[in-house]
Amino acid sequence: MDRSLMNPGLRHTRSTCCYCGTGCGVIIHSAGNRIVGVEGDPEHPANFGKLCTKGNTLHLAAVQTGRATVPMLRESRDAPRKPATWDHALATAAERFAAIILEHGPDAVGFYISGQLLTEDYYVFNKLARALVGTNNIDSNSRLCMSSAVAAYKATLGSDAVPCSYEDIDLADLILIAGANPAFAHPIVYRRIEAARAANPAMKLIVADPRRTDTAADADLHLAITPGSDVLLYSAMLHVLLWEGMIDDNFIAEHTTGFADLRKQLAELTPGTVAPVCGVKADDIVTAARWFGQAKAPLSFWCQGLNQSTHGTANGAALIHLHLATGTIGKPGMGPFSLTGQPNAMGGREAGAMANLLPGHRNLLDAADRAELAALWGIPALPERPGKTAVEMFDAVRDGSIKAIWIACTNPAQSLPDLARVREALQTAEFVVVQDAWADTETAAFADLLLPAATWGEKDGTVTNSERRISRVRAAVPPPGEARADWRIARDFALALSARLTEPRHPGESRDPGKAPEASIPASTGMTAETLFPFTTPAEVYAEHVATTLGRDLDIGGLSHAALDRLGPQQWPFPAGAKTGEARLFIDHRFAFDDGKARFIPVATGLTAESPDARHPFRLVTGRLRDQWHGMSRTGRVPRLYAHEPEPAVRLHPADMARRGWREGTLMNLRSRRGEIVLPLAASDDVRPGQAFVAMHWGRRTLAHDGVNALTLPAFDPVSKQPELKHAAVRIEPADLPWRLAILRSPGGGLGADEQVQRWRAALEPLLAGLETGAYAALTLDGRDRPFVALRVATREPLDDERIERIAVALALSESASLNYRDSARHITKRAIVENGRLTGILLAGEDAGIGWLRAALRDGIAIDELRRWIFAPRATPPTATATPRRVVCNCFDVSAAAIEAEVRQGKALPEIQEKLKCGTSCGSCLTEVRRLIAASGATPYSATARAASSPTSG
């Protein structure tokens, strides 16, 4: 533990991380109403005390600037939002929703919620939509990440039930990672994979991914497949297993159906046939198949690379087929393991808070399931009509069939595909409610009513991680201002809405189009909103959620908040009387279909929904950065999390750049059939020629445009309805933006520095929306002990002097307080602030050649005496070696690539480098990159023994 956190005046609260689905336990340290520190919980079985860079900095994201703290309402679309009381805000929302429901029917409203909500939040929203409003128009942003995995599990195994546990990593002898980069997206899971490989040098690692990610770079075999060719690859592997007699005929005969039909399809899918389409060698496909078939315990992981596809369900099924054909499921160390993208996407699936699901893994289309849930809820019936899923929901808002939408804890104006259509939808809607902790997200700008919600560190409830492990989330501090827990907001709205839906109505009943719809709770039942929503604590909500699972595959009848507090995190199922949860499922090889047999299903064999052509020749792929998460509404507030990737970029293979004469740093136009963005160019041999990579995280809070989802297409899998966010065809060419502006501003460190940086950033954000069409702007943060805000702008025409002056004054860079240089004829203005012998601010308008080394000087606090005469010089070369820009590799200890390379040149091996620099000894997220730097130097290949010696030992 950090000694600074051992102060006896601090409170220590056990909770769970709010980022990926790994489900790491954390201990929150707080003083008064402030979270002041966080560390990994050594007793939590998901992480045993380890945290990644994002988890390690959770306390730094607990800032107040940008928080929603009071309900904000606008009485008309053209009016500004003004503070409102909770009573007035909820009454207004209820009146607007009730009026629409009574005139147009319950399906004229929708609820779009989030995998970041707690299970208790999910449950109340689901009951609100289905039991009170009478609509299935409730969907989660988990639709964007996990719905294809759900559909694949249900199609093959009969249930949305991940059959594996993290402990299987330690027991496997082969790991196949498909369409996932856990080194970045699930770092603590990847640390466990590294440790397992170190303990068992014979373990094989296969990675199938179009890019050479950090995960792929570690693989024994990297299959750099063409985007969208996943089904072909796994089907060709199964063809080899079949041809070479490595399938389990007895298992197939006794425990599965459908193999004979699939076998006919496999006949044509030979390695030689599919290799040219997949873009890999046929021999490599054969090798991968043989390794899988020869393994005693093969374990496969997959994530968005398979899920975010127009045939995502088939992708997942093709991978599951490998396990079914070899009988490698239901035993230690083996099975198909989907990695969950969000902290509680699994909990949302359990609570049935998606358009096609019902609580307790019930099927919306099953009349018996609907009737059973209606009986549990004490209502006559549930609505039958399938609800709108994410993309469909916003299309329905756009065409007017959904007139009011409630958005909770998610940011669709940044995360959905084809964002021009999403913005149009939100502008068309009659009434938009946004319930969020943050008031400055891209979606919040469209809210007619903005409701302040509690967030991590302020909430109480449960989440379920990727291995079906349910953990408690506990509040360490109260939420700021008037912010409330999400479940309570949904409950209070339900009570207010019910009072305005006064006419009796059967919720499953169709209505006469000429007759106004009636309310959801018939008076004859004696049911009231107060009895339907009796909850006063999240524990009471959880108890009712538990009741919906009894006797089902996810039975958690033995769990409650009190039991979880006593027993610690537990996996489901955990029925009444159980002593512990089940580590793995289907151990008796009886699957969740009525006949107990798993299914082989026919698989689609297409590639991507959109193919490159002469006008759009590049295959764009999207993905994650190591130290940012989703839309950056939380991680984007932590300056040090920008150190590894300070600004957005489009990455191309050096051969593509050389052939066209393009140079790094050049601003490029990226155009798809839907939109256009501008980004600087970066060279990377991690992508193949003809491909481009852009990270998913950057949006309008950071850029002058929507980010990569301005380019992505809304086509989706017909089964899972998950959109193909991973791929698009684009045209790339240099942008003509000759005029430049660059600004850096730091408070110089100390108490309050982070909040001051947040305020400066907030002051600059309006500039992004006010630039000319086609301009480039990047508004980011950086720094560690000396945090700062950074703005870079490129336009066709110079900004006017008055506008530049407003920006300067907002950052305390006024002419009277600064060192100044001005060349009016060339529209050049330069200013610098020097405080305590250090540069703390710089403005370069009209010419910004020196911004790279000036950034390094400000970040590292270089003495101004070394730089004073060069501050305004139009030179890109640093005037002193100390001002050389550096790329941070290890965020935990602020270790740069240059520092690591210097140690390598001295002949140091990894353990020696770690002993001196500490890189990779805390969270371990940087280890793969450190190894790549060593390998690039020509040093001795990295051995399993050295791998074991270098593994991080602390959280």
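Residues numbered from 1 in each chain as written. Predicted model: local features only at pLDDT ≥ 70, side-chain atom pairs only at ≥ 80, totals over all residues. Heavy atoms only, no water.

A. Structural detail: the overall build of the protein chain. From N to C terminus, the protein chain includes 32 helices and 36 strands. Relative to its full complement of 955 residues, the protein chain shows a buried share of 63%. At a minimum sequence separation of 6, the contacts of the protein chain that also span at least 24 residues come to 73%. As displayed, the protein chain has an accessible area near 32600 Å², and 51% of this comes from carbon and sulfur atoms. Taking the average place of the 105 positive charges on the side chains of the protein chain and the average place of its 107 negative ones, the gap between the two points comes to 3 Å. (Helix = DSSP H or I, 4+ residues; strand = E, 2+ residues; numbered from the N terminus. Buried < 20%, exposed > 50% of the residue type's maximum accessible area, 1.4 Å probe, protein only. Contact = heavy atoms within 4.5 Å. Areas by Shrake-Rupley, 256 points an atom, 1.4 Å probe, with all protein chains shown as cover. Lys, Arg positive; Asp, Glu negative; His and termini not counted. Charge placed at Lys NZ, Arg CZ, Asp CG, Glu CD.)

B. Spatial organisation of the sheet that holds strand S4 (residues 72-73). In space, the seven strands of this open sheet follow the order S5-S4-S18-S17-S16-S6-S7, with mixed pairing throughout. At either margin of the open sheet sits one strand with a lone partner, and together these are strand S5 (82-83) and strand S7 (138-140). Packed onto the sheet, helix H2 (residues 86-104) meets S4, strand S6 (109-113), strand S16 (404-408), strand S17 (431-436) and strand S18 (449-452) and runs at close to 130° relative to S18. Running at roughly 170° to S6, helix H3 (residues 119-133) makes contact with S6, S7, S16 and S17 of the sheet. (Pairing = 2+ DSSP bridges. Axes fitted to C-alpha atoms, helices over the stretch in contact; angles between N-to-C directions.)

C. The arrangement of the packing of aromatic side chains in detail. Considering all chains together, one arrives at 18 aromatic pairs under this definition. Ring geometry for Phe251 and Phe591: centres 6.5 Å apart, planes at 80°, overall edge-to-face. In this pair, Phe251 sits in helix H10 (residues 249-255) while Phe591 sits in the loop between strand S21 (570-571) and strand S22 (598-599), placing the two residues 340 residues apart along the sequence. There is no split in this pair, since Phe251 and Phe591 are both buried. Judged by centre distance (6.4 Å) and plane angle (35°), the ring pair of Tyr821 and Phe872 falls under tilted. A residue pair is termed long-range when its members are at least 10 positions apart, and Tyr821 in strand S32 (residues 819-823) and Phe872 in the loop between helix H28 (851-860) and strand S35 (888-890) qualify at 51 residues. An aromatic cluster of at least three residues, connected via ring pairs, comprises Phe97, Phe111, Trp406, Phe431 and Phe493. Just above the ring of Trp438 sits the side chain of Arg67; from NZ or CZ to the centre is 5.5 Å. (Phe/Tyr/Trp six-rings, centres within 6.5 Å; stacked < 30°, edge-to-face > 60°. Lys NZ or Arg CZ within 6 Å of the ring centre and 35° of its normal.)

D. Quick look at the pattern of salt bridges. Taken as a whole and assessed by the stated rule, the structure comprises 75 salt bridges. Put simply, Glu467 and Arg469 hold a salt bridge, and the shortest N to O gap is 2.8 Å. This pair shows no difference in class: Glu467 is buried, exactly as Arg469 is. (Salt bridge = Lys/Arg side-chain N within 4 Å of Asp/Glu carboxyl O.)

E. A look at the packing of H2 against helix H21 (residues 486-498). Contact geometry for H2 and H21: axes closest at 8 Å, N-to-C directions at 60°. Judged by the inter-axis angle, H2 sits oblique to H21. For the crossing formed where H2 meets H21, the hand is right-handed. Here Trp86, Leu90, Ala93, Ala94, Phe97, Ala98 and Ile101 of H2 lie close against H21, whose contacting residues are Ile489, Asp492, Phe493, Ala496 and Leu497. Looking at the contact of H2 with H21 residue by residue, the class counts come to 11 nonpolar, no polar and one charged. (Parallel < 35°, antiparallel > 145°, perpendicular 65-115°, else oblique. Left-handed = near helix turned anticlockwise from the far one by under 90°. Nonpolar A, V, L, I, M, F, W, Y, C, P; charged D, E, K, R; others polar.)

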